[in-house]
Amino acid sequence: MAAVAACVPVRVCHQEIVKFDLEIKAAVQDIRDCPGPLSALTELNAAVKEKFRHLRGRIQELEQMAKEQDKESDKQALLREVENHKKQMLSNQAAWRKANLACKIAIDNSEKDQLLQGRDSLRQRKTTKESLAESASNITESLMGISRMMSQQVQQSEETVQTLANSSRTILEANEEFKSMSGTIQLGRKLITKYNRRELTDKLLIFLALALFLATVLYILKKRLFPFL
């Protein structure tokens, strides 16, 4: 009965050691896969430390049970198991350190990437602001150019209106001159018509005078040459 009672605690202790070993391996994998932040890594490490504390205690209990064995063969067998568990614990500790190192490197790289992205974002915002400022400047210059063009168009329109006004004034003056010339032409036409009528009258009078003169000469010649007639 005493031998059975001594075997049960050993079996229970061995099962607990195996359980903590598996839990530590799972926790180490969680640390390796931890995306951050550092506070989450700290919490995982605290849990692993607690599991290592329990595991170390159980291994010490198993070692003490091995020393208390009556049979040398049982004692040596348990001590070999204790040695194997210690080696496994050391292997888990090494894996734990490597997982922490990998996780910290990954978190540092992630923070650097975030910092670079933040800088890129700031640079992009700065570039966007500069682009907007340049666009606003270009728009302002375009508006000023349009304003100058409109001012020139208005000035040209004013000059055109002034030119049309001068042309209209010139046309009106020419029209007045044409009207004056028309009156002069009408008067000249009347004078010419009157002159033509007077010339016809003068010609008629000359013709009558010449006819009277010829008649008188013929009459004189007749009297002198043919007095008997």
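Residues numbered from 1 in each chain as written. Predicted model: local features only at pLDDT ≥ 70, side-chain atom pairs only at ≥ 80, totals over all residues. Heavy atoms only, no water.

What follows concerns the overall build of the chain. Along the chain, the regular secondary structure elements total 3 helices and 0 strands. Walking the chain from its N terminus toward its C terminus, one meets helices and strands in the order α-α-α. Sequence separation of at least 24 residues holds for 72% of the intrachain contacts in the chain that already meet a minimum separation of 6. Within the structure as shown, the chain displays about 18100 Å² of accessible surface, and the carbon and sulfur contribution to it stands at 61%. (Helix = DSSP H or I, 4+ residues; strand = E, 2+ residues; numbered from the N terminus. Contact = heavy atoms within 4.5 Å. Areas by Shrake-Rupley, 256 points an atom, 1.4 Å probe, with all protein chains shown as cover.)

The next thing to look at is the side chain of Gln93. Examined against the element boundaries, Gln93 turns out to sit in helix H3 (residues 72-225). Judged by relative accessible area, Gln93 falls into the buried class, the value being 16%. Here Gln93 is in contact with Phe52 and Arg56, once residues within four sequence places are set aside. (Buried < 20%, exposed > 50% of the residue type's maximum accessible area, 1.4 Å probe, protein only.)

Taken together, the side chains of Ile139, Leu143, Ile146 and Met150 make up a nonpolar region of the molecular surface, amounting to roughly 420 Å² of accessible area. Assignment of secondary structure puts Met150 in helix H3. You can call Met150 exposed: its relative accessible area is 54%. (Patch = residues over 30% accessible without salt bridge, like charges linked within 9 Å, V, L, I, M, F, W, Y side chains within 5 Å. Salt bridge = Lys/Arg side-chain N within 4 Å of Asp/Glu carboxyl O.)

Right, let's get into the environment of Thr42. Among the structural elements, Thr42 can be located in helix H2 (residues 38-67). Note on Thr42: relative accessible area 52%, which makes it exposed.

Formed by 24 residues in total, the largest nonpolar core has its most connected members in Ile31, Leu55 and Leu62. When residues of this core are traced back to their parent elements, those giving at least two are helix H1 (2-33), H2 and H3. (Core = buried A, V, L, I, M, F, W, Y, C linked by side-chain atoms within 4.5 Å.)

Let us look at the confidence of the model for the chain. Residues at a pLDDT of 70 or more form 87% of the chain, whose mean pLDDT is 81. Between the elements of the chain, mean pLDDT differs from a low of 79, seen in H3, to a high of 92, seen in H2. Long-range and interchain partners of residues 1-5, a stretch whose pLDDT sits below 50, account for 0 contacts in this model, where long-range means more than four residues apart. (pLDDT = per-residue confidence, 0-100.)

Inspection of the secondary structure assignment puts Asn92 in helix H3. Look at Asn92 and you get buried, because its relative accessible area is 5%. When near neighbours in sequence (up to four residues on either side) are disregarded, Asn92 contacts Asp21, Ile24, Lys25, Val28 and Phe52.

With that settled, consider H2. Given a rise of 1.5 Å per residue, 30 residues ought to cover 44 Å, and the 43 Å separating the end C-alpha atoms of H2 matches this to within 8%. Within H2 the residues assigned to the buried category are Leu41, Asn45, Val48, Phe52, Leu55, Ile59, Leu62, Met65 and Ala66. (Expected span 1.5 Å × (residues − 1).)

The next point concerns the environment of Lys51. Inspection of the secondary structure assignment puts Lys51 in helix H2. Its relative accessible area of 22% is what places Lys51 among the partly exposed residues. For the pair formed by Lys51 and Ile24, sequence separation is 27 residues and the distance between their alpha carbons is 6.5 Å. Residues in contact with Lys51, not counting those within four places in the same chain, are Phe20, Glu23 and Ile24.

Okay, the pattern of salt bridges next. Side-chain pairs of opposite charge can arise whenever the charged atoms involved come near each other. What the rule picks out here adds up to 6 salt bridges. A salt bridge links Lys51 to Glu23, with the nearest nitrogen and oxygen atoms 3.2 Å apart. Of the two residues, Lys51 sits in helix H2 while Glu23 sits in helix H1, which places them 28 residues apart along the sequence. Here Glu23 falls in the partly exposed class, since its relative accessible area comes to 29%.

On to the packing of aromatic side chains. Tallied over the full model, the rule gives 1 aromatic pair. Directly above the aromatic system of Phe20 lies the positively charged group of Lys19, at a separation of 4.8 Å from the ring centroid. (Phe/Tyr/Trp six-rings, centres within 6.5 Å; stacked < 30°, edge-to-face > 60°. Lys NZ or Arg CZ within 6 Å of the ring centre and 35° of its normal.)

Counted by the stated rule, this structure contains 0 disulfides. With no disulfide of its own, Cys34 lies 4.2 Å from the sulfur of Cys103, the closest cysteine sulfur. Relative accessible area serves as the criterion here: at 1%, Cys103 is assigned to the buried category. (Disulfide = S-S within 2.5 Å.)

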